[in-house]
Amino acid sequence: MLVLSRHRDESIIIAGNIVVTVVDIRGDKVRLGIDAPREVPVHRQEVFDAIQRENQQASQMDPKVARDVGRSPDRQSTPGENPPAS
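1. Considerations on the environment of glutamate 10
And then number 1: Inspection of the secondary structure puts glutamate 10 in the segment before strand 1 (11-14).
And then number 2: Apart from the residues lying within four places of it in its own chain, the contact partners of glutamate 10 are Val20, Thr21 and Val22.
And then number 3: Within the structure, the side chain of glutamate 10 is placed 2.7 Å from the backbone nitrogen of histidine 7, a separation counted as a polar contact.

Structure below.
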């Protein structure tokens, strides 16, 4: 891990197109501003971990059950029946 020291309003550049700026420092909290292209996902670690867990769970879900996720109960299919057309 590369460790850098920065003061408020100082930045680092990553890969030439991502800028991370120290916006504010209050006690033990540092506020960062991140300027990155839209196609580059930027998440807090705990949000990224939650997304990974949910993706892992979804990949292990029974396809028959997955088909009905998010559908209202009156639109869910019953075993042996084709799902309702959208």
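2. Digging into the sheet that holds strand 1
And then number 1: Taken in spatial order, the three strands of this open sheet run 1-2-3, and their pairing is antiparallel. One side of each edge strand has no neighbouring strand; the edge strands of this open sheet are strand 1 and strand 3 (29-35). Strand-to-strand twist in this sheet, taken as the mean axis angle between neighbours without regard to direction, amounts to 25°.
And then number 2: Pairing of strand 1 with strand 2 (residues 18-26), which is carried by four bridges, proceeds in the antiparallel orientation. Bridge pairing in strand 2 links isoleucine 13 to valine 19.

3. Here we look at unusual backbone geometry
When glycine is set aside, most residues are seen to have a negative phi, and most peptide bonds are trans.
And then number 1: Despite not being glycine, aspartate 9 shows a phi value in the positive range, around 70°.
And then number 2: Tracing the chain through its elements places aspartate 9 in the segment before strand 1.
And then number 3: Backbone geometry at alanine 15 places phi at a positive 55°, although glycine is not the residue there.
And then number 4: One can find alanine 15 in the loop between strand 1 and strand 2.
And then number 5: Looking at alanine 15, the relative accessible area reads 73%, which means it is exposed.

Conventions used here
Residues numbered from 1 in each chain as written. Predicted model: local features only at pLDDT ≥ 70, side-chain atom pairs only at ≥ 80, totals over all residues. Heavy atoms only, no water. Helix = DSSP H or I, 4+ residues; strand = E, 2+ residues; numbered from the N terminus. Contact = heavy atoms within 4.5 Å. Polar contact = N/O pair within 3.5 Å; in protein donor to acceptor, adjacent residues only side chain to side chain. Pairing = 2+ DSSP bridges. Axes fitted to C-alpha atoms, helices over the stretch in contact; angles between N-to-C directions. Buried < 20%, exposed > 50% of the residue type's maximum accessible area, 1.4 Å probe, protein only.

Geometric descriptors of this kind do not, in isolation, establish any biological role.
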